[in-house]
Amino acid sequence: MTSNTHVVVIGAGLAGVRLARRLGELGTPALLVGDEEHRPYNRVLLAEVLAGRYAPEVISLPAPGGLVRTRVTGIDRTARQLHCADGSSIAYDTLVLATGSNPVLPPLRGLFTADHQLPEGVHAFRTMDDCLGLSKAVRPGVRAVVIGGGLLGVSAARALAVRGAQVVLAQQAERLMERQLDPNASRLVLRHLLDLGVEVHTECRVRDVRCVGGAVRSVEMADGYALDADLVVLACGVRPRAGLAEQAGLAVRRGVLVDDELRTADPHIHAIGDCAEHDGTVYGLAAPALEQAELLAELLAGAPHARYTGTRALTRLTLTGRASPFDLAAFGETEPRPGDDVVQLADATRGTYRKVVVRDDRLVGGVLVGELGTVGALARAWEGAEPLPDEGSLLHLLTNDGGS
Ligand SMILES: Cc1cc2nc3c(=O)[nH]c(=O)nc-3n(C[C@H](O)[C@H](O)[C@H](O)COP(=O)(O)OP(=O)(O)OC[C@H]3O[C@@H](n4cnc5c(N)ncnc54)[C@H](O)[C@@H]3O)c2cc1C
């Protein structure tokens, strides 16, 4: 069967759904093709589903009109046609790749069974299926090992601990969330996890997954130390899902290369979200994915001058729930260069920490833990990149929470 649609979007994740909705509102309906069997959902909230705070349907995204559930397996650029796993073909005039990321699977011995599957009990943490699989397996007292101490690993460890698992987090780097946070903020995240009963090992490399009868039993560290495990979560980062683009001969570096119109070298094909690389950057975050979707909708609906110039993306982690809520936000450069000014406010008792880095009178980065009342004003000052009027205004930005 061949259907004919003007704009076709591959991927019904955050970027694809936002684009299709905006295009619908602007009078240019699009066909969305997605390979997950669930209703489109907000991936950012999966940890809250795993923690038991939200039921899966609570994080559903408002469904756009035309959604086809199948996996696109090939792009024929000459015929402008997609080939799908269910045998169907879909014609396009304009194609948008919004295929997201794949989890990075670390090179561990024993990670795959003879038929190239992950052993029973070993899960990535990217999709609703991963989340439901983990959720089914977690019970009070279950021994879980989370491999990776970035944003994803920290969220997974916390969610599993809230569900009563005995969690060990193994982090290769010397501290948690080292890509976003400075050492002080990392220490507060560590303290939060320790308070929840999570055992954290830093500078620790896992080298082996041991299984019995196809199910995981333990993981072994590089120094030979073994940890018993009923569950293992792989949280070792993500990689843009760019295979389709590569097979179709489009330029791919880390992600699918796009220009300021979010267009690949083929004028009929665009890319947005985690799979796209713009000006040397693959963001891997929700805010840029949504901003790119909004901008591309404008362009495709006929606004010829819209241009994407990059997103100043704030990383935000909200770990709520019955047990001690914990919030953090980080943006820009959180470590000063020589000559930068730094303002820090720390309250050890309350576990709060605020820090901003200023260069040549401009805010270049900051990190807030435990107290986010000022995050909106700080983010605006950072995004605007306007000179700060004076030092007093900086302190005001850091402390004035608008009365909340
Ligand atoms: C647990 C978790 C927590 C996160 N927390 C945060 C956070 O706190 N803050 C933040 O900014 N970001 C966070 N992220 C990252 C954020 O979710 C992503 O940046 C965002 O989802 C990117 O949107 P996207 O539409 O590009 O990709 P995705 O949301 O991954 O959507 C891509 C979709 O395309 C589908 N697809 C791929 N290939 C095909 C194909 N060939 N055919 C059909 N369909 C296909 C995929 O199955 C998927 O449904 C988190 C991610 C995870 C997994």
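Residues numbered from 1 in each chain as written. Predicted model: local features only at pLDDT ≥ 70, side-chain atom pairs only at ≥ 80, totals over all residues. Heavy atoms only, no water.

Brief notes about the nonpolar core
- Residues Leu19, Ile75, Leu82, Leu95, Leu97 and Ile272 are the most contacted members of the largest nonpolar core, which totals 47 residues.
- Contacts of Leu82, omitting those with residues within four sequence positions, involve Val8, Ile10, Val72, Gly74, Ile75, Ser88, Ser89, Ile90, Tyr92 and Leu95. (Core = buried A, V, L, I, M, F, W, Y, C linked by side-chain atoms within 4.5 Å. Buried < 20%, exposed > 50% of the residue type's maximum accessible area, 1.4 Å probe, protein only. Contact = heavy atoms within 4.5 Å.)

Structural notes on the packing of aromatic side chains
- Scanning the model with the defined rule gives one aromatic pair in all.
- Seen in terms of ring centroids, Phe331 and Trp382 are 5.1 Å apart; in terms of plane orientation they differ by 45°. Their pairing is tilted. Within this pair, whereas Phe331 is found in strand β23 (residues 326-332), its partner Trp382 is found in helix α8 (residues 375-384), the two being separated by 51 residues in sequence. Each of the two residues, Phe331 as well as Trp382, counts as buried. (Phe/Tyr/Trp six-rings, centres within 6.5 Å; stacked < 30°, edge-to-face > 60°. Helix = DSSP H or I, 4+ residues; strand = E, 2+ residues; numbered from the N terminus.)

A few points about the site of the ligand
- Around the ligand, the structure places 31 residues, and the nearest of them are Ala15, Asp35, Glu36, Arg126 and Asp274.
- A distance of 2.9 Å is found between an oxygen atom of the ligand and a side-chain nitrogen or oxygen belonging to Arg43.
- In the complex, 94% of the free accessible area of the ligand, which totals 990 Å², lies under the protein chains.
- Taken together, the residues that form the shell around the ligand break down as 15 nonpolar, eight polar and eight charged. (Near = heavy atom within 4 Å. Polar contact = N/O pair within 3.5 Å; in protein donor to acceptor, adjacent residues only side chain to side chain. Areas by Shrake-Rupley, 256 points an atom, 1.4 Å probe, with all protein chains shown as cover. Nonpolar A, V, L, I, M, F, W, Y, C, P; charged D, E, K, R; others polar.)

Brief notes about the pairing of strand β15 (residues 215-221)
- Taken across its seven residues, β15 has six buried, putting it largely inside the fold.
- With six bridges connecting them, strand β14 (residues 206-212) and β15 associate as antiparallel partners. Bridging from a neighbouring strand, Arg210 pairs with Ser218 of β15.
- The turn linking β14 back onto β15 is made up of two residues, and Gly213 within it adopts a positive phi angle of 55°. (Pairing = 2+ DSSP bridges.)

Notes on the pattern of salt bridges
- All chains considered together, the criterion is met by 29 salt bridges.
- Close ionic contact of Lys355 with Asp182 constitutes a salt bridge, the shortest N to O distance being 2.9 Å. With Lys355 in strand β25 (residues 352-359) and Asp182 in the loop between β12 (166-170) and α5 (183-195), the pair connects residues that are 173 residues apart, well separated along the chain. Take Lys355 and Asp182: they sit in the same class, and that class is buried.
- Here Asp340 ties to Arg359 by a salt bridge, and the two come within 2.9 Å at their closest N and O atoms. Pair noted here: Asp340 is in the loop between β23 and β24 (341-347) and Arg359 is in strand β25, with a separation of 19 residues, a long-range link.
- A relative accessible area of 13% means that Asp340 is categorised as buried. (Salt bridge = Lys/Arg side-chain N within 4 Å of Asp/Glu carboxyl O.)

As for the sheet that holds strand β2 (residues 7-10)
- What the five strands build is an open sheet, ordered β4-β3-β2-β8-β20; its pairing is parallel. Looking at the sheet topology across the chains shown, the edges are occupied by β4 (66-69) and β20 (269-271). In this sheet, adjacent strand axes meet at a mean angle of 20° when their direction is disregarded.
- With four bridges connecting them, β2 and strand β3 (residues 30-34) associate as parallel partners. Counted as the bridge partner of Val7 is Ala30 from β3.
- Those strands touched by helix α1 (residues 14-25) are β2, β3 and β8 (94-97), and its axis lies near 165° from that of β3.
- The sheet contacts of helix α7 (residues 286-300) involve β2, β8 and β20, and relative to β8 the element is tilted by about 175°. (Axes fitted to C-alpha atoms, helices over the stretch in contact; angles between N-to-C directions.)

Let's talk about unusual backbone geometry
- At Arg80, a residue that is not glycine, the phi angle is positive and equals roughly 50°.
- Position of Arg80 relative to the elements: it lies in the loop between β5 (72-76) and β6 (81-84).
- One non-glycine residue, Leu262, adopts positive backbone phi at about 55°.
- Assignment of secondary structure puts Leu262 in the loop between β19 (256-258) and β20.

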